[in-house]
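Here is how the chains run, residue by residue.
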Amino acid sequence: MTPRPPSPGSDPHQSAEQTAEEKSVAKKAAVENASVKKAAAKKDAVQKAKKAAKKATAKTPGAKSATVKKTSAKKAPGSKAPGKKSVKAQLSEPAPEPALEPAPVVAVSPAVHADDRARLLAGTHHAPHSVLGAHPVPGGVAFRVFRPYARSVTVLAGELRAELHDDGEGFFSGLLTLREVPEYRLLVTYEGSELETEDPYRFLPALGDLDLHLIGEGRHEQLWQALGAEPMTHQGVAGTRFTVWAPNARGVRVAGTFNFWDGTGYPMRSLGGTGVWELFVPAIGEGELYKFDITRPDGSRTQRADPLARRTEVPPNTSSIIHASHHEWHDQEWMERRGRIPAHEGPLSIYEVHLASWRPGLTYRQLAEQLPAYVKELGFTHVELMPVAEHPFGGSWGYQVTGFYAPTARLGTPDDFKFLVDALHQAGIGVLMDWVPAHFPRDDWALAEFDGRPLYEHEDPLRSAHPDWGTLEFDFGRREVRNFLVANAVYWCEEFHIDGLRVDAVASMLYLDYSREPGQWIPNAHGGRENLDAVAFLQEMNATVYRRVPGVVTIAEESTAWDGVTRATHHMGPGGFGGLGFGLKWNMGWMHDSLGYLSHEPIHRRYHHHEMTFSMVYAYSENYVLPISHDEVVHGKRSLVSKMPGDWWQQRATHRAYLAFMWAHPGKQLLIMGQEFAQGAEWSEAHGPDWWLLDPAYGAEADHRGVRDLVRDLNAVYRDTPALWALDTSPDGFRWVAGDAAEDNVFAFLRYDTEGVPLLAVSNFAPVVRQDYRLGVPEDVPAWHETLNTDGARYGGSDVTNPDPLKPEPQGRHGQATSIRLTLPPLATVWLRPA
């Protein structure tokens, strides 16, 4: 074993609060050493050294020196094995005069100074490593250990053993006459047990200067690799590095199952001005529970879950869990091809899933056996998972997050969630995830006033309190908070292979006066209502994600007319802002208007015809997703089919016609689970979709299965028809045929692909059959054939169809030189393609 030499002239581990006695003795030692070299009488010099050592010991009660003795070759009763060395810390006594003249020995007290001792006990020490551990001092190496409840502590260094003096209150110390700090371990004896372990306070920081620099700058794009609990091997020893950002804390300690939730003996050190605290704890690893024990500025204490914990306990338990991933990915083919076509230029039909209630009781791995097959059968290109990040209240559906870096433990481990994502990718299905950077709940074990003062939330109560949800808004102007969120977006994409982030509640972030009355908000620096900090954060997040993770798409749930949501961040708009940089935006206006139109009885729809056509006025101002999401089928809003007026047949027919209208409309599609088979009840996170409606033993099973079969066929035709998605964001991909047929409740339009090949979509939202209905069509198409008809008998309709090709006639209509005559089924949508 090779001892580590002390740093010449100084020791980085030595206490910054060295006692006055120690300094005085050290100075006197230097003077006496110089005089010894000049002295002629060797005996007098040795005597002077002895007197100095005795004097130093007398100044600090309990001080110890140590002597190294070789044991006799003949073993005595109770002695150590022959040939081994024994070192014992004793009350200060001068060593026997050696045969050769030694350098004069000037011993100092190894005991922890009273001030350091008080701060360690109170949990307010910023630099415990400068006090605890092994430190070169005049006269040898001082060992200081803080182990509450221990009966004794012995230093083990190769063949050397030294029992430290019990200084009381869990402190142990001793001075060994060694020339350098050795590699050592501790033997700690408790009542009824004995533990041999490494000393956490002999290790250098396990976090590098570059990490600290990037954290200080707010630019650590892989923050999860620097903060949190990281199992690792450090200086050749296996253990876990704990790091946490808590700049207002007077002290931070680690508490967990490994120390019986008493962090007294595990104080962390502050790493400069970054506000980061660090401690490497040897011999603990995956599966251990932990929290950070923080001493607030007012001296009170709080135990907090790790903001960057990658695994948590199952709610309502709140501890963080040390985690390391062992999942081996098998989705290489998917990952290589996912970015070949930008999301807004390719087919994108999304099935929205609340994992905990899709099939209640299933784990991530059990879902991996069922969900990919179901989604693939229905033909959706992607699933969108309602927030999977850990949250304390299931009724929030995951939208009030406490564990931003941890998939909810309700369904399994982080590796189990990776297994599900992997299975979906292998089935050819992309995975989008709802992400919630706008706010967080006030739970006193999580982020709220994390270190005793506003930290993740804005310090101004007018800016921090969300008026609608009783939560706290993030302080987007603080660089460390932006870093926490930007890195979190990258984390889900890089570590979990997530293909896209749907960002929740963007509008609440963008406006300072969101849901606030006059006097409840303060204008920005320019006197406006825009939250400039949030704008900068969203731009940084999007730019970082698109740069780091090619093929990923970000989607904004933004309900206002903010200009440039999906515009590039470097392109300035008329309002003086660069774009927010999202790939897609939810079209909330289309959703509200179209559902409003359909809620009216057919006889009254003529008066609301514009509600279905208005979306095309702004259809190309952004890149849109058409969402029929969870928000539209809960809290008294009724399920999609139940929104439709009329009897059960009319409700189902209108439901089918609306879905086909939606799939043909410019924009991507999103449908919440349960609506694919016309569930009549509202969605509930408590019991999920009503799967029993598809049980063949149920009398109306065919009605619901017919709607599901239609969704399957919609997706199949959609994916095979570029006209329905290739030019979603270009006016060249759309042309009205009949946008003003209000009296008929009819809408007809053409969609085009990049080659100019069209699809004709016609919707009749009246409960009557319209025979020989004439529509103008391009004259260069010789014939049209019916590709899809929502009134088909296999879907539960009346089977009014157009079985034969429809040839244009030289009769002008709707601005075209030719037209076709077709039969429009009642409450139905028909798709026609060139024959």
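Calculation criteria
Residues numbered from 1 in each chain as written. Predicted model: local features only at pLDDT ≥ 70, side-chain atom pairs only at ≥ 80, totals over all residues. Heavy atoms only, no water. Phe/Tyr/Trp six-rings, centres within 6.5 Å; stacked < 30°, edge-to-face > 60°. Helix = DSSP H or I, 4+ residues; strand = E, 2+ residues; numbered from the N terminus. Buried < 20%, exposed > 50% of the residue type's maximum accessible area, 1.4 Å probe, protein only. Core = buried A, V, L, I, M, F, W, Y, C linked by side-chain atoms within 4.5 Å. Pairing = 2+ DSSP bridges. Salt bridge = Lys/Arg side-chain N within 4 Å of Asp/Glu carboxyl O. Axes fitted to C-alpha atoms, helices over the stretch in contact; angles between N-to-C directions. Parallel < 35°, antiparallel > 145°, perpendicular 65-115°, else oblique. Left-handed = near helix turned anticlockwise from the far one by under 90°. Contact = heavy atoms within 4.5 Å. Nonpolar A, V, L, I, M, F, W, Y, C, P; charged D, E, K, R; others polar. Expected span 1.5 Å × (residues − 1). Polar contact = N/O pair within 3.5 Å; in protein donor to acceptor, adjacent residues only side chain to side chain. pLDDT = per-residue confidence, 0-100.

Details of the packing of aromatic side chains
Each pair of aromatic rings is reported with the distance of its centres and the angle of its planes. By the definition in use, this model includes 49 aromatic pairs. Ring centres 5.2 Å apart and planes at 20° place the aromatic pair F476 and F537 in the stacked group. With F476 in the loop between strand 25 (472-473) and helix 10 (479-495) and F537 in helix 12 (residues 532-548), the pair connects residues that are 61 residues apart, well separated along the chain. Across the pair, exposure class does not vary: F476 and F537 are buried alike. With a centroid separation of 6.1 Å and an interplanar angle of 75°, the aromatic rings of F661 and F749 are classed as edge-to-face.

A closer look at unusual backbone geometry
If a residue is not glycine, its phi is most likely negative; likewise, a peptide bond is most likely trans. The linkage connecting P315 with the following residue, P316, adopts the cis geometry, with an omega of 10°. You can see P316 is positioned in the loop between strand 17 (301-304) and strand 18 (320-321).

Looking at the nonpolar core
With 175 residues, the main nonpolar core has F242, L355, F417, W492 and W831 as its most contacted residues. Per-element tally for this core: the top contributor is helix 10, with 10 residues. A748, L750, L806 and V830 belong to the second-largest nonpolar core, a separate cluster that totals 20 residues.

So, the pairing of strand 29 (residues 624-628)
Summarising burial for strand 29: 5 of the 5 residues are buried, a large majority. The alternating pattern of strand 29 places Y624, L626 and I628 on one face and V625 and P627 on the opposite face, and all of these are buried. The pairing of strand 28 (residues 584-586) with strand 29 spans 2 bridges and is classified as parallel. Residue pairing across strands places K585 opposite Y624, the latter belonging to strand 29. The pairing of strand 29 with strand 30 (residues 668-672) spans 4 bridges and is classified as parallel. Each bridged residue has a counterpart across the sheet, and for I628 the counterpart in strand 30 is L671.

Some thoughts on the sheet that holds strand 12 (residues 237-245)
With antiparallel pairing, the 4 strands of this open sheet are ordered in space as 11-12-15-14. The open sheet has two edge strands, strand 11 (228-234) and strand 14 (269-270), and neither has a second partner.

So, the pattern of salt bridges
As enumerated under the stated definition, the model contains 42 salt bridges in all. Of the charged contacts, one joins E196 and R185 as a salt bridge, the two residues approaching to 3.1 Å between their closest N and O atoms. Of the two residues, E196 is situated in strand 10 (residues 193-197) and R185 in strand 9 (residues 185-190); the sequence distance between them amounts to 11 residues. Judged by its relative accessible area of 43%, E196 is partly exposed. Residues D728 and K668 are paired through a salt bridge, measuring 2.7 Å at the closest nitrogen-oxygen approach. Here D728, found in the loop between helix 17 (701-720) and strand 31 (734-741), pairs with K668, found in strand 30; they are 60 residues apart in sequence, far enough to count as distant. Residue D728 shares its accessibility class with K668, and that shared class is buried. Salt bridges linked by common partners bring E183, R185, E196, E198 and R202 together as one network.

Things to note about the packing of helix 13 (residues 588-599) against helix 16 (residues 648-664)
Closest axis-to-axis distance for the helix 13/helix 16 pair is 12 Å, and the angle between their directions is 150°. With respect to their mutual orientation, helix 13 and helix 16 come out roughly antiparallel. Remark: the crossing between helix 13 and helix 16 carries right-handed chirality. Between helix 13, through W590, S594, L595 and L598, and helix 16, the contact on the second element is made entirely by T654, Y658, F661 and M662. Considering only residue class, the contact of helix 13 with helix 16 consists of 6 nonpolar, 2 polar and no charged.

A look at the environment of V153
Within the element layout of this structure, V153 appears in strand 5 (residues 152-157). What makes V153 buried here is its relative accessible area of 0%. Spatially, the C-alpha atom of V153 lies 5.6 Å from that of L187, the residues being 34 residues apart in sequence. Among residues more than four places away in sequence, those in contact with V153 are V145, R147, A162, E163, L164, F172, L186, L187 and V188.

A short note on helix 16
In a regular helix each residue adds 1.5 Å, so 17 residues correspond to 24 Å; helix 16 covers 25 Å between its end C-alpha atoms and thus fits that length. For helix 16, the tally of buried residues reaches 14 of 17 residues, placing the bulk of the element in the interior. N-capping of helix 16 is provided by D647, with a side-chain oxygen placed 3.2 Å from the backbone N of W649.

Describing the sheet that holds strand 6 (residues 160-163)
Read from one edge to the other, the open sheet built from 4 strands follows the order 6-5-9-10, with strand pairing classed as antiparallel. Every interior strand has two partners, whereas the edge strands, strand 6 and strand 10, have only one. This sheet shows a mean twist of 20° between the axes of neighbouring strands, independent of strand direction.

Things to note about the packing of helix 7 (residues 364-378) against helix 8 (residues 414-426)
Direction vectors running N to C along helix 7 and helix 8 enclose 10°, while the axes themselves pass 8 Å from each other. It follows from the interaxial angle that helix 7 and helix 8 lie roughly parallel. For the pair helix 7 and helix 8, contact is made by Y364, R365, L367, A368, L371 and P372 and by D415, D416, F417, F419, L420, A423 and L424, respectively. When its residues are assigned to classes, the contact of helix 7 with helix 8 shows 10 nonpolar, no polar and 3 charged.

Comments concerning the confidence of the model for the protein chain
When pLDDT is averaged along the protein chain, the result is 89; 87% of the residues meet or exceed 70. Confidence over residues 1-103 falls short of pLDDT 50; this stretch has 135 contacts with residues more than four positions distant or in other chains.

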